[in-house]
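# Report on the structure
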Amino acid sequence: MTLITAPDGLVVPPGEGRTLVTAAQQVTFKVTGEHSRAASSFEVLVPPGFDVGAHLHTRSEELFYVLEGELDVLAFEPRVRTRDNWREWESSSGQRCVRARAGTVILVPPGCPHAFANPTSDPVRMFFQASPPPDHERYFEELFDILASGPQVDHEAIAELRKRYDIEQLTPLRMTPGAARGGGPAR
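Right, let's walk through the structure included here. Here the structure is a predicted model, which is why all the values come from computation and not from measurement.

Scanning the entire structure with this criterion turns up 15 salt bridges. A salt bridge links E141 to R18, with the nearest nitrogen and oxygen atoms 2.3 Å apart. In this pair, E141 is assigned in helix 1 (residues 135-148) and R18 in strand 1 (residues 18-21), connecting sequence segments 123 residues apart. Residue E141 is classed as partly exposed on the basis of its relative accessible area, which comes to 29%. Note on R18: relative accessible area 42%, which makes it partly exposed. Note that D166 is salt-bridged to R59, the shortest N-O span being 3.9 Å. With D166 in the loop between helix 2 (155-164) and strand 12 (168-169) and R59 in the loop between strand 5 (55-56) and strand 6 (61-68), the pair connects residues that are 107 residues apart, well separated along the chain. Using a relative accessible area of 8% as the deciding quantity, one classes D166 as buried.

As structure tokens, this is what we get:
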């Protein structure tokens, strides 16, 4: 008789997981491709003034859950993809950028333009899941290596990295430390 056993599950306590830190973001790996065939999961701390810029993935699906704080977010195809400010985009059905508060879930299917930015003066904590693994794990590791390699950001290296990991950047990534912006998106 052959005994078949199921693999053990994984429990990651609060504050645990491998953490990568730069001025732009802090990412803690919670579940990796080593543990899941479905998705990589991360806890991300988004500092004030960080704007990931609108981008899309042709193969990846992503899920964001705002745990603490507020982010400006979008997840739709705009009528016109302007190169500068995704917060001004509008979809054919009238969707616009929204303010995501704690408890908000954002699901992004492959091919859907999406963005998030922290316009507040406080850090935002969110749960982030990317499928399939381990693409986003490797992307974060290589990105953080590039950002830690010197005082000047190697924009060409980052652009090449994005191409390799299925990231088409539609508007610029921006980091304005400590710069909270007034106003805000349509609600």
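Next comes the rest of the write-up.
On to the environment of L63, then. Structurally, the position occupied by L63 is in strand 6. Assessed through its relative accessible area of 25%, L63 is described here as partly exposed. Sequence-wise, L63 and R138 are 75 residues apart; in three dimensions their C-alpha atoms are separated by 18 Å. Dropping the residues within four chain positions of it, L63 is found in contact with V105, I106, L107, F127, F128 and Q129.

The strand order across the open sheet built from 6 strands is 1-2-3-11-6-9, with neighbouring strands paired in antiparallel fashion. Looking at strand neighbours, the two that pair on one side only are strand 1 and strand 9 (105-108), the edges of this open sheet. The sheet shows a mean angle of 20 degrees between the axes of neighbouring strands, direction not considered. Across 7 bridges, the pairing between strand 3 (residues 40-46) and strand 11 (residues 124-131) is antiparallel. Of the residues in strand 11, the one forming a bridge with V46 is V124. On the sheet, helix 1 packs against strand 1, strand 2 (26-31), strand 3, strand 6 and strand 11 and is oriented at approximately 150 degrees with respect to strand 2.

The rules we used
- Residues numbered from 1 in each chain as written.
- Predicted model: local features only at pLDDT ≥ 70, side-chain atom pairs only at ≥ 80, totals over all residues.
- Heavy atoms only, no water.
- Salt bridge = Lys/Arg side-chain N within 4 Å of Asp/Glu carboxyl O.
- Helix = DSSP H or I, 4+ residues; strand = E, 2+ residues; numbered from the N terminus.
- Buried < 20%, exposed > 50% of the residue type's maximum accessible area, 1.4 Å probe, protein only.
- Contact = heavy atoms within 4.5 Å.
- Pairing = 2+ DSSP bridges.
- Axes fitted to C-alpha atoms, helices over the stretch in contact; angles between N-to-C directions.

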